[in-house]
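# Working through the structure, step by step
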Amino acid sequence: MIESRVIEHDIIVVGAGLAGTWAALSAGQQGVANIGVLSKIHPLRSHSGAAQGGIAAALGNVRPVAGTGPRGPLEPVPAGDEPPDSWELHMFDTIKGSDWLGDQAAIELMVKEAPEMILAYEHMGCVFSRLPDGRIAQRRFGGHSAPRANYAADYTGHVLLHTIHEQALRHGVRFYSEWYCMDLIVEDNICRGVVALDIRTGALHLMRAKAVFFGTGGYGRAWKITSNAAANTGDGVAIAYNAGVPLMDMEFVQFHPTGLYGKGILMSEACRGEGGYLVNREGRRFMEDYAADKMELAPRDLVSRSEQIEIDEGRGTGADGQGIDLDMTHLGREKIMTRLPQVRELAMNFAGVDIIEGPVPIQPTAHYSMGGIPATVDGQVIADAAGTPVVGFYAAGECACVSVHGANRLGTNSLLGASLFGRRAGTAMAAFVQDGAGLHPVSGDPVARNQARIAGFMDGGGKKESVGQVGAELKETMTRQCGVFRNAEEMGKALEKIKRLQQRFGQAGIMDKSRRFNTDLLGAIETEHLLTFSEVIVASGLARTESRGAHYRVDFPKRDDQEWLKHTMAHKASDGPILSYKPVHIFTDRYPPQERKY
Amino acid sequence: MYRSTGFISFIFRRVSGVALVLYLFIHIWVIGSINAGPAVFDQRLALVQTPIFKLMEVALLAAVIYHAFDGIRLLIVHYFNVTDARKSMFYAMFAAFILVTIAGGVPIILFMLEG
Amino acid sequence: MTGNRMEASTQSAAVRIQRFDPDVDKKPYFRTYHIPVTADTTILDALDAIKQHQDGSVTFRRSCRHAICGSCAMNINGRNTLVCNQPVRAHLDKKNQISIRPLPYLPIIKDLVVDRSSFWEQYLKVKPWLLPPDGVPEKEYRVSPDEVAALQNAETCIMCGACYSACQVVALNKNYLGPHALLKAFLRVLDPRDSQPGQRLQQLDGDYGVFRCHTIFNCIDACPKQLNPTEAIETLRKLIQKRVTFAAAREVRQEKLLSESR
Amino acid sequence: MRLFRMQRFSAIALVVFMTIHMVVVHYPPFHIDFSRIIERLDQPLWKGIDIAFLFFVLVHALSGGYAVLMDIERVNASKRLLMGAAVLVGIAAFVYGSITILAFHPPAAVVVLP
Ligand SMILES: Cc1cc2nc3c(=O)[nH]c(=O)nc-3n(C[C@H](O)[C@H](O)[C@H](O)COP(=O)(O)OP(=O)(O)OC[C@H]3O[C@@H](n4cnc5c(N)ncnc54)[C@H](O)[C@@H]3O)c2cc1C
Ligand code: HEM
Ligand code: SF4
Ligand code: F3S
Ligand code: FES
C-alpha cells in the first residue's frame, strides 16, 4: 500500500470554484498563511467556469430607452441621472424569485454588498464587457426587474474563475489539484479535518485543520438531463450528511428552461436576455399564455413548467414532440457574434445548428441546487434548526444553503452568492483561527475506514452489479419521477427505487483495480454520494405538500404559507432522513409574503 | 510527432538553414584559397566540381530558395497581421519554391550534362 | 438519448484508444472498442459509453461537456482538440475508425490522462494575475470597449493545453513558456489596468520567451477556442522592441484610469 | 530580442545580397573559375559588397545556429559557452573571409606554394 501521510493546515478548503477560491483568498488576505485548497479536478476546471450569463449587482449603469417599455432596448445611463436600479429592487426581485422562502436578512446583506463584489472582481483584472464610456455593461436576466447582470460576453463565470484563481496564486495559496475529499471528520460537533485521496497516486491522506470549508458545488448530476458538469456530484453535500450535518431545502432543484435538447447542455439565459423567443410547434411564442408581461424573461421555474406543459399537451417541437424551439434568428448576425459567440459555438457543435440561421431545439434541464449544507451568512455551518454551530466547519456556494435563493434562484445570483459568501466565510475562518482555535485530536482511524471502503469496490468476488448501471437507473428515476412536475405517487415510487438501488449498490464492483488515477473508483464513490442525497431530495419533496418555486406538486398546486413557510432540515438516520423544520427569516413589515406573479 | 504544414515548414527551414551553415563554412574555406593562388584554388574547387557535387549544388539551390522563401514568409508574418492566411501562404510559398527551384536547377543540370 | 430525431441512422464505429498504465505496461498500445454512434454522439459520449459498458479501466479527464473547462483535450487522429464538442462521425475514417491518443509530447499518467505540470509551471512563470496600480479606486476602471477588444479574446483561453502540446518548440524544450502562457502574458500586458507591462515585457524577452517561438502555427490550428497565440506572440515581439515607450504610455493611461474611476 | 533582431535584419539584408550573389556569381556562365573571381574582386565596390554579405551571412548563420541549439533543453545550461563559441567562430570566419576579399590583388602578391 502506498504510504499515507498526515497533513496539517490552519484552514482546509475543499472545492476550488468561486466559493472555495474566495474563501482561501480572503482568509489569506486576513493573514492566515497555512491554507490548503483541495479540488478533485484542476481548480480552473471547476464548474463555476461554465457560467455564462452574468453576475448580479445593481450598479445601475444601463436602463431601457425611455418610452420603449420594460423590454425595450437598453442605453447607458448618462452621468448625473437618477440610477435606475437599487439594492432594494434587487432585494425584492430575489425574495419574490425565492417564492418567499429566502432568508431576507441574508438576502439584504447579499444585495447590498453586491456592487462592491463586482468592483472587487473588476479591480483584480476581470475583463467585463464595457459600455462606450468604459463602465461595466449590463444586461437583463430572468426574474430581475432591471438590467443588472454584469457580464463578460457569454463566458462570465470563466473570467471570474480565472481572475480569482490567479489572485489566489498571487497570494501563495497552496492548491492540491486532483485530490478527492472522501470524508469529513466531525466528533462532538467539532470538525477536525478530512480524508482525501490523491487521485494521481491513489494514496489516502488524513488532512487535519482548525477550520474546514466546503465549496464543493452543486448536485445536478443526479438527473439524466442536466446542464451540470460531470464533477457536480454533490460530494460535499453527501459527505457532510454522512458526518451528521443536516441538509436543508434539498427538494428545491432548479430546472433551466433552455437545455440543449437531448443533452441538457446549457443555452445561456442570455439567449433570452438578449431577446430570443421560445416557440412551440404551432410557431407561437407560448409564453404569452403564462407570463404575458415578462414573456421569455419570466423566472426559470415558471418558464420550465410552461415548456413542459406545452410538451405534455402535444405542442412540443421535433419529431418526438419533446422539444421547444429557441429562436434567435431575428437578433441578427452582429449581435449574436458579439454577445453570444459561445452559445453559437455550442449550438453548432452539439446540435449542428447555426443560431444565426435557425432555431435550436431545447428542453428543461436540471441546473441548480438551491438546497445544501445549512450555513449562516458567515459560512458557519449549523447543526440544527436552533442554529447550533458545527465548530470549525464552514460552507458556501452551491453546496451550501444560506438561503438567499429560497425555493428558486434567480439567474446571476448564484455567482454572486458563491463569491460573496465564500469571501465572508474566509474572513470568518481567519478570525476563528486567529482567535486561537486549535487542531483537535482525531479518534479511530478514518484513513483505514476509507481504505476499507475503497477495498470494497475493488473486491471482485461475487459482485454482480455494475456501478454504472445503478447510477444510470438513479438518474432515470430522478428525471422521470422527481423532475419539473412531481406528485406523491411518483415520488413514493422513486423513494422505493432509490432504496433498492442503494441495496444493489452494495453488490456493485468496479473494473479498474489499479491505484493510479482510478476514475472508475471515483465514479463509484460519486455514485454512492448521488444515492445518498437523492434519497434526501425525494423524502423532503414528498413531505412538502405544496408548490413553491422550483418544487411543483401537481397534487398540491398551491403555495401554502400557513403550513410550509419553513425550511426543511434533514438529518441522517439508519433508515432514511429525519425531517425537521426551521423558520424562514422574513421582514414582515417590508416584504410580507405575496402571491408570486409575473 | 505532431504533423502539420507548420511542422513541415519548420523542419525544412531548420534543416536547410543548418545545411546552409555547413555549406557556408566550406564555401569560405574554398574561396579563401584564392589567396593561395590559382593552383590551390582550382584544386580545392575541383573537389567541389565533380558531378556529385553538381547534383548537390541543385540541392543547395533548393535549400537556399526554400529557406529564403520561407524566411520571407516569416518576415511577412512578423510585420503584418496575416496569421489567418497561414495555410494559403504556406502553399503559395511552397509552390513558388518548387517553380524557382526548377527554373534554377534545370540549367545547372543541363550544364552538367553538357560537361 | 430520449427519442432522438437523428436516431434513425445509427452506425457502428471502431474506437481505437491508446492505453498505458506505467505501473504495469512497458509501452503504450492500442485497444479497439466497437460502439454504436448517431449523428450527435460526441467523442466524449463514446468514451463514457465505453467506460460504462465495456471497460471501466479506460481513463480520461472530463468535466463540463460545454467546451469550457479545458479538461478533455486529447489527440484525435493526430490532431489536438477537445472531445466533448466533437461528433465522432466527423472524425471517422474510411474504415469507420477513430484513433484517440493523449496529448502528445507530455508524460502520460494513465491512458488518455497526461501530466500537465510543465504547462502549469510556465503559466505561473508569467505571473498570470493582474498587477493593478496602487490605490484601489472607488468605482470600476474605465476601460474602453476598444481596449477590451484589443485583448482579442485572450481571456477566453480555457487552459486546455491543446496548443501547448502541439507546439514543437515545447516538444524540444520544456523551459519554453509556450503559447498558452504567452497568450496570458499578452492579456496582462495589453490590459490598461496592469501596472507592470515593462517588467513583463522584459521577462518575455528572455531565452524562453516570445523569441523562442518559431512561428509553427500548430497552436492556432489546435486551439478549440479559435484563439491566436501566434498573433499575440508577434504583438509582444513588437512591443518588446519599444518597451520603454510602451511602459511610459501605460503610466499616463493609468493616471487617467485612476482619475476617472473615482 | 537582440538575437531575434539580428536574425531578422540580417535575413532582410540577405534577401538582397543573396539575390545579387546568386545571379552574379553562380549564374550566367554557370562556371566559376579563378579568372572570373579575380575580375570581380578587383573592384572596390565588389569588395565592399562582399564583405557586407559575409558579415550578414555570418551574423545570420551563427545566430541561427545558436537558436537551433538553444531550442534543445539540455543545451540551455551551457548557453554562455555556446554564445562564446559562436562569437569566436564568427570573428575568425569574418577575419579569414575579409582577408580573402581584401588581401587579394590580381598579380599574385602572395608566394604560392602548394
Ligand atoms: C451551465 C451553467 C451555467 C450557469 N450560469 C450561471 C450564470 O450565468 N450566473 C450565475 O450566477 N450562476 C450560473 N450558474 C450557477 C453557478 O455557476 C454555480 O452555482 C456556481 O458557480 C457554484 O460555484 P461553487 O464555487 O459553489 O462550486 P463549483 O464551481 O461547482 O466548484 C466546486 C468545486 O468543488 C470541488 N469538489 C467537489 N467535490 C469534491 C471532492 N469530493 N473533493 C475535492 N474537491 C471537490 C470541485 O473540484 C470544484 O473545484 C450556472 C451553472 C451552470 C451549470
Ligand atoms: C535570403 C535569405 C534568407 C532569409 C530571408 C532567411 C530568413 C531566416 C529567418 C526569418 C529565420 C528565422 C527562423 C525562425 O525564427 O524560426 C532564419 C533562420 C535561420 N537561417 Fe536563414 N535566411 C536566409 C538565408 C540564410 C542563409 C544563407 C543561411 C546559412 C548560411 C541561413 C541560416 C539560417 C539558420 C541556421 C537559421 C536557424 C534555423 C531555425 O531557427 O530553424 N539563412 N532564416
Ligand atoms: S490557447 Fe487555446 S489551445 Fe491553448 S490552452 Fe488556451 S484554449 Fe487551449
Ligand atoms: S506552435 Fe509553437 S512555435 Fe510558436 S506559433 Fe505556436 S508557439
Ligand atoms: S469536458 Fe470541459 S472542455 Fe470538454
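Let us look at the structure shown here. (Residues numbered from 1 in each chain as written. Chains lettered and ligands numbered in written order. Predicted model: local features only at pLDDT ≥ 70, side-chain atom pairs only at ≥ 80, totals over all residues. Heavy atoms only, no water.)

## A closer look at the interface of chain C and chain A
Counting residues at the interface gives 73 residues for chain C and 68 residues for chain A. Of the roughly 5,700 Å² buried at the junction of chain C and chain A (both faces included), carbon and sulfur atoms supply 51%. The interface formed by chain C and chain A contains 11 salt bridges. The partner of C:K184 in a salt bridge is A:E166, and the shortest N-O contact between them spans 2.6 Å. Linking chain C with chain A are 39 residue pairs in polar contact (both at pLDDT 80 or more), by the criterion used here. Of all the elements in the fold, those that place two or more residues in the side of chain C that touches chain A are α1 (43-54), β6 (108-110), α2 (117-125), α3 (145-150) and α6 (178-190) of chain C. Of the residues belonging to the side of chain C that touches chain A, the class tally is 32 nonpolar, 18 polar and 23 charged. (Contact = heavy atoms within 4.5 Å. Buried area = accessible area lost by both parts, 1.4 Å probe. Salt bridge = Lys/Arg side-chain N within 4 Å of Asp/Glu carboxyl O. Polar contact = N/O pair within 3.5 Å; in protein donor to acceptor, adjacent residues only side chain to side chain. Helix = DSSP H or I, 4+ residues; strand = E, 2+ residues; numbered from the N terminus. Nonpolar A, V, L, I, M, F, W, Y, C, P; charged D, E, K, R; others polar.)

## Topic: the coordination of the iron atom of ligand 2
In the first shell of the iron atom of ligand 2, the protein supplies B:H67 (NE2) and D:H60 (NE2), at 1.9 to 2.0 Å from the metal. What the 6 donor atoms of the iron atom of ligand 2 show is an angle range of 85 to 179° at the metal, which sorts the shape as octahedral. Taken together, the residues span two chains, with B:H67 in helix α3 (residues 51-79) and D:H60 in helix α3 (residues 44-70). This pair shows no difference in class: B:H67 is buried, exactly as D:H60 is. (Donors = N, O, S within 2.8 Å, 3.2 Å for Na, K, Ca; no water. Tetrahedral: all angles 85-135°; square planar, octahedral: opposite > 155°, others 65-115°. Buried < 20%, exposed > 50% of the residue type's maximum accessible area, 1.4 Å probe, protein only.)

## Notes on the site of ligand 3
Neighbouring ligand 3 are C:C157, C:I158, C:M159, C:C160, C:G161, C:A162, C:C163, C:L183, C:C223, C:P224 and C:K225. Looking at the shell around ligand 3 residue by residue, the class counts come to 9 nonpolar, 1 polar and 1 charged. (Near = heavy atom within 4 Å.)

## Things to note about the packing of aromatic side chains
All names here are of chain A. Taken as a whole and assessed by the stated rule, the structure comprises 27 aromatic pairs over all chains. Ring geometry for F457 versus F505: centroids 5.7 Å apart, planes at 70°, classification edge-to-face. In this pair, F457 is assigned in helix α11 (residues 446-458) and F505 in helix α13 (residues 488-505), connecting sequence segments 48 residues apart. Each of the two residues, F457 as well as F505, counts as buried. It is K112 that lies over the ring of W87; its NZ or CZ is 4.6 Å from the centre. Taking NZ or CZ as reference, R409 lies 4.2 Å from the ring centre of Y368, over its face. (Phe/Tyr/Trp six-rings, centres within 6.5 Å; stacked < 30°, edge-to-face > 60°. Lys NZ or Arg CZ within 6 Å of the ring centre and 35° of its normal.)

Without other data, these values stay purely geometric and don't point to any function.
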